[in-house]
Amino acid sequence: MSIKTWFLTTFREPFLYHYTSLEFRAKVFALIIAPSYESAKEYDHNLLKGIAAQIYESDKHRQGVFTNIVKEYISVILRNPSVAYDEFVKEINRKVKTDKKLAEKINMEHLSRFLNTNISEDRRLLQQRIFEFLEEQSKTI
């Protein structure tokens, strides 16, 4: 990670243009990745980097900041899943209701790439429900 990417990740609020949009998108990705994260770290990381390159094709630093924030949010979820999942879902729901443009940031095609069938039944069901929730949110436009 470059120093500039680290700096922008750490001090994103004052220095990163449209950081709320990037954080919103990072929370969406963290929600869908977290249920299968333990069993698919490397796959998800490489896939996430590829999607970040598609989303922010002309800005390498923004790509790096995005992937770092997703990892940060996944860590938050994994540390306290019973609280974090609920909080992230509530926040995404609230933000989409107050700013309909954020619904456009939920790309179901990108998110579907993270659906993992090689995880326990409970985690797969959780991931599927999160996917369905995000799909509904994306239709709020």
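The coordinates are above.
All values derive from a computational prediction rather than experimental measurement.

### Some words on helix α8 (residues 121-138)
1) Next: Its 18 residues place the ends of α8 25 Å apart at the C-alpha level, agreeing with the 26 Å of an ideal helix rising 1.5 Å per residue.
2) Next: Within α8, the full set of buried residues consists of Gln127, Ile130, Phe131, Phe133, Leu134, Gln137 and Ser138. One side of α8 carries all its buried residues, which in axial view fall inside an arc of 165°. In α8, the exposed residues that point more than 90 degrees away from the buried face are Asp122 and Arg129.

### Describing the environment of Ser120
1) Next: By the secondary structure assignment, Ser120 is in the loop between α7 (108-112) and α8.
2) Next: Assessed through its relative accessible area of 39%, Ser120 is described here as partly exposed.

### Describing the nonpolar core
Nonpolar side chains in soluble globular proteins tend to end up buried together.
1) Next: Of all hydrophobic cores here, the largest spans 38 residues; its most connected members are Phe29, Ile33, Phe66, Leu111 and Leu134.
2) Next: Only α3 (19-33), α4 (41-55), α5 (60-79), α6 (81-98), α7 and α8 provide two or more residues apiece to this core.
3) Next: Looking at this core element by element, the count peaks at 9 residues for α3.
4) Next: Residues contacting Ile33, with those up to four places away along its chain left out, are Asp44, Leu48, Val70, Ile74 and Phe114.

### Notes on the pattern of salt bridges
1) Next: Overall, the coordinates contain 5 salt bridges when judged by the stated rule.
2) Next: One network of salt bridges, with partners in common, ties together Lys27, Glu91 and Lys95.

### Some words on the environment of Ser138
1) Next: Within the secondary structure, Ser138 is located in helix α8.
2) Next: Between the alpha carbons of Ser138 and Lys101 there is a distance of 9.6 Å; along the sequence they are 37 residues apart.
3) Next: Ignoring anything within four residues of it in the chain, the contact list for Ser138 reads Ala103, Ile106 and Met108.
4) Next: At a separation of 2.7 Å, a polar atom in the side chain of Ser138 contacts the main-chain carbonyl oxygen of Glu135.

### A word on the packing of α5 against α6
1) Next: The N-to-C vectors of α5 and α6 enclose an angle of 130°; their axes lie 5 Å apart at closest approach. As far as their axial angle goes, α6 and α5 are oblique. Residue-level contacts link Tyr73, Val76, Ile77, Leu78 and Arg79 of α5 to Pro81, Ala84, Tyr85 and Phe88 of α6.
2) Next: A breakdown of the residues in the contact of α5 with α6 according to their chemical character gives 8 nonpolar, no polar and 1 charged.

Conventions and cut-offs
- Residues numbered from 1 in each chain as written.
- Predicted model: local features only at pLDDT ≥ 70, side-chain atom pairs only at ≥ 80, totals over all residues.
- Heavy atoms only, no water.
- Helix = DSSP H or I, 4+ residues; strand = E, 2+ residues; numbered from the N terminus.
- Expected span 1.5 Å × (residues − 1).
- Buried < 20%, exposed > 50% of the residue type's maximum accessible area, 1.4 Å probe, protein only.
- Arc of directions from axis to C-beta.
- Core = buried A, V, L, I, M, F, W, Y, C linked by side-chain atoms within 4.5 Å.
- Contact = heavy atoms within 4.5 Å.
- Salt bridge = Lys/Arg side-chain N within 4 Å of Asp/Glu carboxyl O.
- Polar contact = N/O pair within 3.5 Å; in protein donor to acceptor, adjacent residues only side chain to side chain.
- Axes fitted to C-alpha atoms, helices over the stretch in contact; angles between N-to-C directions.
- Parallel < 35°, antiparallel > 145°, perpendicular 65-115°, else oblique.
- Nonpolar A, V, L, I, M, F, W, Y, C, P; charged D, E, K, R; others polar.

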